[in-house]
Amino acid sequence: MRWTWTEGWGRWADAVPLATGTAFIRQKNELLTVGEWFLKTEEQRCNLVVPRFFEAAFGMSDADEAPIGIVEPLRIPLGSGREVKLRGKIDRVDEVLSTGGWQVWDYKTGSLWEYTKVWRLQKGRKLQHVIYTRALEQMLRARGLKGNVECAGYYFPTTKGGGERIERECAPGEVERALTLLFDVIGSGWFTLPDGGA
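Presented here is an overview of the structure given in this document. Keep in mind it's a predicted model, so treat the numbers as computed, not measured. (Residues numbered from 1 in each chain as written. Predicted model: local features only at pLDDT ≥ 70, side-chain atom pairs only at ≥ 80, totals over all residues. Heavy atoms only, no water.)

## Re the environment of Val 96
Part 1: With respect to the helices and strands, the residue Val 96 is situated in strand β4 (residues 88-96).
Part 2: Classification of Val 96 by relative accessible area gives buried; the value is 8%.
Part 3: Taking the C-alpha atoms as reference, Val 96 lies 9.7 Å from Val 149; in sequence the two are 53 residues apart.
Part 4: Residue contacts for Val 96: discarding those within four places in its chain leaves Leu 48, Val 49, Gly 101, Trp 102, Gln 103 and Glu 150. (Helix = DSSP H or I, 4+ residues; strand = E, 2+ residues; numbered from the N terminus. Buried < 20%, exposed > 50% of the residue type's maximum accessible area, 1.4 Å probe, protein only. Contact = heavy atoms within 4.5 Å.)

As structure tokens, then:
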């Protein structure tokens, strides 16, 4: 039996009904607009890169079922014999056609304002680009794939984000220092609030 948009949406609407018909129309139109925006930007980018891997898992028991996933966690040494083990999923990995290098992207559906500031790790609150870069490097080695991670950052494929891609870097040792400070603060029993309060 062939699945259709109307049937699929009908099942979802039965399970999670919308407040009003107006809300349904608004959300449907927004979804169609975002889909069209995403496809247009992807068509342009695919002249330069090839999307290779999605939801590339590391540190998860079933990660090796994916083409590039690895079961081993990412280990980041923190000095004095301490380390932090991390697991997660990289939203997207692109291969650069001209160099054979790699790009790491984390999808964001919100606005750009928090990501347009001049920062690297934003006091330890924005670490995904560094963690995912390290994880992909580990995956590439484990799978015997060549090429370096050339850039990492955040991709805003919605109309709110305007299809922007924001690249971020990290100096050698910077994430280790940031994580060490964060864990030292938490270990002392002090849990800070985000900027602006609760």
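## Examining the layout of surface pockets
Part 1: Considering only enclosed or pocket space, the second largest pocket measures out at about 290 Å³ in volume.
Part 2: Together, 15 residues line the second largest pocket, and Thr 133, Ala 152, Arg 168, Glu 169 and Cys 170 are the ones closest to its centre.
Part 3: Of all elements in the fold, only α3 (128-143), β6 (149-156) and β7 (164-168) reach the threshold of two or more residues within the lining of the second largest pocket.
Part 4: The greatest single-element share of the lining of the second largest pocket, amounting to five residues, is contributed by α3.
Part 5: Split into classes, the residues belonging to the lining of the second largest pocket amount to seven nonpolar, two polar and six charged. (1 Å grid on protein atoms, 1.4 Å probe; cavity = no way out; pocket = protein on both sides within 12 Å on 5 of 7 lines; lining within 4 Å. Points joined across faces, edges and corners; volume = space filled by probe spheres on them. Nonpolar A, V, L, I, M, F, W, Y, C, P; charged D, E, K, R; others polar.)

## A short note on the pattern of salt bridges
Part 1: Per the counting criterion, the structure on display carries eight salt bridges.
Part 2: A salt bridge links Arg 75 to Glu 83, with the shortest nitrogen-to-oxygen separation between them at 2.6 Å.
Part 3: Asp 94 is the salt-bridge partner of Arg 92, the closest N and O atoms lying 2.7 Å from each other. Neither residue differs from the other here; Arg 92 and Asp 94 are each classed as buried. (Salt bridge = Lys/Arg side-chain N within 4 Å of Asp/Glu carboxyl O.)

## Topic: the sheet that holds β4
Part 1: Strand order in the open sheet formed by five strands is β1-β4-β5-β6-β7, and the pairing between neighbours is mixed. Each edge of the open sheet carries a strand with a single partner, namely β1 (49-58) and β7. Strand-to-strand twist of the sheet, defined as the mean angle between neighbouring strand axes without regard to direction, takes the value 30°.
Part 2: The sheet strands contacting α3 are β1, β4, β5 (102-107), β6 and β7, and the helix crosses β6 at an angle near 135°. (Pairing = 2+ DSSP bridges. Axes fitted to C-alpha atoms, helices over the stretch in contact; angles between N-to-C directions.)

Note that all results are geometric; they support no functional claim without further evidence.
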